[in-house]
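Residue-level structure breakdown
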Amino acid sequence: MKRIRLGVNIDHVATVRNARGEDYPSPLRAALLAEKNGADSVTIHLREDRRHINETDLKKIIKKLKIPLNLEIAATKEMLKIALRSKPPFICIVPEKRQEITTEGGLNLKYNINFLRLLIKRLKNNNSRVSLFIEPNIKDLDKAKKFNADCVEIHTGKLCNLINQKKNFQNELNRIRKAVLHGHKLGLEIHAGHGLTYTSAKILSKLKDIKEFNIGHFLIGESIFEGMPLTIKKFKRILK
Ligand code: PXP
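Residues numbered from 1 in each chain as written. Predicted model: local features only at pLDDT ≥ 70, side-chain atom pairs only at ≥ 80, totals over all residues. Heavy atoms only, no water.

1. Observations regarding a positive patch on the surface
A cluster of basic side chains, namely Arg29, Lys234, Arg237 and Lys240, defines a positive patch on the protein surface. Here Lys240 lies in the segment after α10 (217-238). Judged by its relative accessible area of 82%, Lys240 is exposed. (Patch = residues over 30% accessible without salt bridge, like charges linked within 9 Å, V, L, I, M, F, W, Y side chains within 5 Å. Areas by Shrake-Rupley, 256 points an atom, 1.4 Å probe, with all protein chains shown as cover. Salt bridge = Lys/Arg side-chain N within 4 Å of Asp/Glu carboxyl O. Lys, Arg positive; Asp, Glu negative; His and termini not counted. Charge placed at Lys NZ, Arg CZ, Asp CG, Glu CD. Helix = DSSP H or I, 4+ residues; strand = E, 2+ residues; numbered from the N terminus. Buried < 20%, exposed > 50% of the residue type's maximum accessible area, 1.4 Å probe, protein only.)

Okay, here's the thing in structure tokens:
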């Protein structure tokens, strides 16, 4: 049976922490809990505006985590410097816009090509596995191969939206299926991420060449409901 790896994205633990300016809930604690419960890797996105994860989180997590840390970064000189210094085992290069709520699409591989090539080369020479977050289209897969990326992560946001809205998702699923097949033939390792829920992850898990799923927002949201009963009981014990 094929084994799909699960990368747990803990950005939104930091979102909750930052909403109150406290030092809890702790992203490090979440990362270690993910590790203890079978996650294959932990993902954090260090954004230019530091809206959730910050460099202190990155330093603490990389020091303690035994499973691979997957650092998501934009293709900028600042992030290159941080990544070279912190040496995460996995890196995923993502597009980033200041105004967006979340990563809205895949990388534009027609833009800033020379810097992107240099970035990939330097990160790989620094012993990080490099992935590019792209839309499920053949041209971008060919480019990712040409740029010598190790992996690509297919943006599943559009598919997940269609599934959530109970709309017909077959065309988008076919587009992803073709992209996965093409990428696999090129020798790229294929990952998937963005917007995944139990339902969409189940559907995509049937595509046999996807090796890794990176899941954050839904997983952290569900964890609230899984954890709330125990937390309420604990408070009731304290307050009795
Ligand atoms: N993969 C990448 C490259 C991302 O940028 C994100 C969002 O930060 C995710 C996966 C996780 O998406 P979600 O939080 O919607 O599960």
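2. Considering a nonpolar patch on the surface
On the surface, Ile224, Phe225, Met228 and Ile232 cluster together into a nonpolar patch covering about 410 Å² of accessible area. For Phe225, the location among the structural elements is in helix α10. We classify Phe225 as exposed; its relative accessible area is 57%.

3. What to know about the pattern of salt bridges
For the coordinates displayed, the defined rule picks out 14 salt bridges. For Asp209, the salt bridge is made with Lys208, and the minimal N-O distance between the two is 3.6 Å. One salt-bridge network, held together by shared partners, links Arg5, Arg129, Glu189 and Glu212.

4. Some points on the state of the cysteines
Covalent bonding between the sulfur atoms of two cysteines is what defines a disulfide. Overall, the coordinates contain zero disulfides when judged by the stated rule. In this structure Cys151 is a free cysteine whose sulfur lies 8.5 Å from that of Cys92, the closest cysteine sulfur available. Judged by relative accessible area, which is 2%, Cys151 ranks as buried. Here Cys160 stays unpaired: no disulfide links it, and the sulfur of Cys92, its closest cysteine neighbor, is 15 Å away. (Disulfide = S-S within 2.5 Å.)

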